[in-house]
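Single-letter residue listing:
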Amino acid sequence: MSAVTVFGLCAAAAVGLGLYGLIANPQPLRKIIAFNLLGSGVFLLFGIVGRRGAAAAFGNDPVPQALVITGVVVAFSATALAIALLLRLFQIAGSTTLDGPAPASPPSDPSGG
Amino acid sequence: MSIATVFEIALAAVVLGLAIWTIAVPDTYSATVGFIAYGLLVALIWVRLDAVDVALTEAAIGGGLGGVVLLGAAARLRDTEAMTTEAPSLIVRLSAAILSASIAAALAVAILLLPDPAPTLAPEVVSNSGATGMANPVTNVLMAFRGMDTMLEKVVLLLAIVGVWSLASDQAWGGRPGLRHQADPNGVLAFLARLLPPAGIVVGIYILWTGADHPGGAFQGGAVLASMWLLVIMAGLADTPPVRSRWLRLILVSGPGLFLVVGLGGLCFGPAFLAYPVAFAKPLILGIEVAMLLTIATTLGLLLAGAPERSAE
């Protein structure tokens, strides 16, 4: 079993686990983490395909590498934005539930809105 | 089975275990810690896949800064966990498991059945690398051959920071992001915040400079600079700048702005958008990378600091 196969199966499992966590976990922060896990698995699959396409004295195809670097930065920006939204929801509503209306009287002190 | 293969299988097993931990553990804080460890080990996988540029980015941005932003949110939301009682029904969880398992299985089969020899663009990258005067193929792809992606990604960073800032309440609009950090002025954190940044800034600039010919570049260097800045802020030695500050906004648009100007220059005086004149390709790209380094470091730091929460005074 080569490195590509081992890591490829690992990446496929990470995608599956991330997808399951995204659907099944009720907490928004856990959904964000699961989404990042899914993305990380997809990036790794890119890297595996690039590793198999290694040619011309490179260990890994530079084109998918460059795309993954761009993807990692974009995923980080999206995560930071999602977390800012979540913290703002918590600040206004006092809870972070996605189900139904938020409680009418927030237990924590909201700083306006 | 060689030592290297044993190491790879062990690494993959630990990474997989951490991924399962991240999804299955009930406590969110533990899940976050598991995900950070996962991100750092994935950087090792990238090294094993001979993608050192990606490994640097993953360790600095995916594991490092992403971990900090997740940990901060997990700490602030820790008390809400007890309030969240809803759980999906067994049918939902079961169908989610079946769906996820079949997608993972399909991906695994696709990885096992990839065409041989695999399609690759590496020879084209090599044959065109003389046009930019830089030896690092990944930097060539990022800045020249797929420069459009990289420019638009700068715009995504800018949009993300606009989105985060727009979540400020009316009183805090234009103010300083995050809470004022207090730390013992004689403590370890304040000591590190005085000791590390001089070296860290040199390392960040070196990573940018060496990115022309070796693994490295504006993203990795920018992440190092951002972490140095955050260290100083978290130790309470400096405050986050108010977001209404003009110089701050100027730095934020300088990277994508310069990229756009150079791209339009290629359209006006050259064959196409983002086409660099061959004689000036390397200085132009390095100039864009320097502006990008500043923009990336500032944006990443501000994304971590979050929405404005205090007025500027």
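Before any of the text, the structure's been laid out above.
Residues numbered from 1 in each chain as written. Chains lettered and ligands numbered in written order. Predicted model: local features only at pLDDT ≥ 70, side-chain atom pairs only at ≥ 80, totals over all residues. Heavy atoms only, no water.

**Q** Would you explain the overall build of chain A in this entry?
**A** For chain A, the helix and strand inventory stands at 3 helices and 0 strands. Across chain A, helices and strands are ordered from the amino to the carboxyl terminus as α-α-α. Here chain A holds 113 residues, and the buried ones make up 57% of them. In chain A, 43% of the contacts between residues at least 6 apart in sequence involve partners at least 24 apart. Of the roughly 4100 Å² of accessible surface on chain A, 70% is carried by carbon and sulfur atoms. (Helix = DSSP H or I, 4+ residues; strand = E, 2+ residues; numbered from the N terminus. Buried < 20%, exposed > 50% of the residue type's maximum accessible area, 1.4 Å probe, protein only. Contact = heavy atoms within 4.5 Å. Areas by Shrake-Rupley, 256 points an atom, 1.4 Å probe, with all protein chains shown as cover.)

**Q** For this particular structure, what's the right way to read the nonpolar core?
**A** Looking at soluble globular proteins, one finds that nonpolar side chains tend to be buried together. With 98 residues, the main nonpolar core has Phe7(A), Tyr38(B), Trp46(B) and Tyr276(B) as its most contacted residues. For this core, the leading source of residues is helix H3 (residues 62-93) of chain A, giving 13 residues. Those residues in contact with Tyr38(B) that lie beyond four places of it in its chain are Ala14(A), Leu37(A), Ser40(A), Gly41(A), Val15(B), Leu18(B) and Ala19(B). (Core = buried A, V, L, I, M, F, W, Y, C linked by side-chain atoms within 4.5 Å.)

**Q** Would you mind going over the pattern of salt bridges with me for this structure?
**A** In this structure the tally under the stated criterion is 8 salt bridges over all chains. A salt bridge links Asp50(B) to Arg51(A), with the shortest nitrogen-to-oxygen separation between them at 3.0 Å. Of the two residues, Asp50(B) is situated in the loop between helix H2 (28-48) and helix H3 (52-76) and Arg51(A) in helix H2 (residues 28-52); the pairing between them involves two chains. Judged by relative accessible area, which is 40%, Asp50(B) ranks as partly exposed. What makes Arg51(A) partly exposed here is its relative accessible area of 27%. (Salt bridge = Lys/Arg side-chain N within 4 Å of Asp/Glu carboxyl O.)

**Q** Mind showing me how you'd approach the interface of chain B and chain A here?
**A** Accessible area lost during the coming together of the parts is what is often quoted as the interface size. Taken together, the contact pairs 93 residues of chain B with 79 residues of chain A. Linking chain B with chain A are 1 salt bridge, by the criterion used here. Counting across the chain B and chain A interface gives 9 residue pairs in polar contact (both at pLDDT 80 or more). Of the residues contributing to the side of chain B that touches chain A, the split by class is 63 nonpolar, 16 polar and 14 charged. (Polar contact = N/O pair within 3.5 Å; in protein donor to acceptor, adjacent residues only side chain to side chain. Nonpolar A, V, L, I, M, F, W, Y, C, P; charged D, E, K, R; others polar.)

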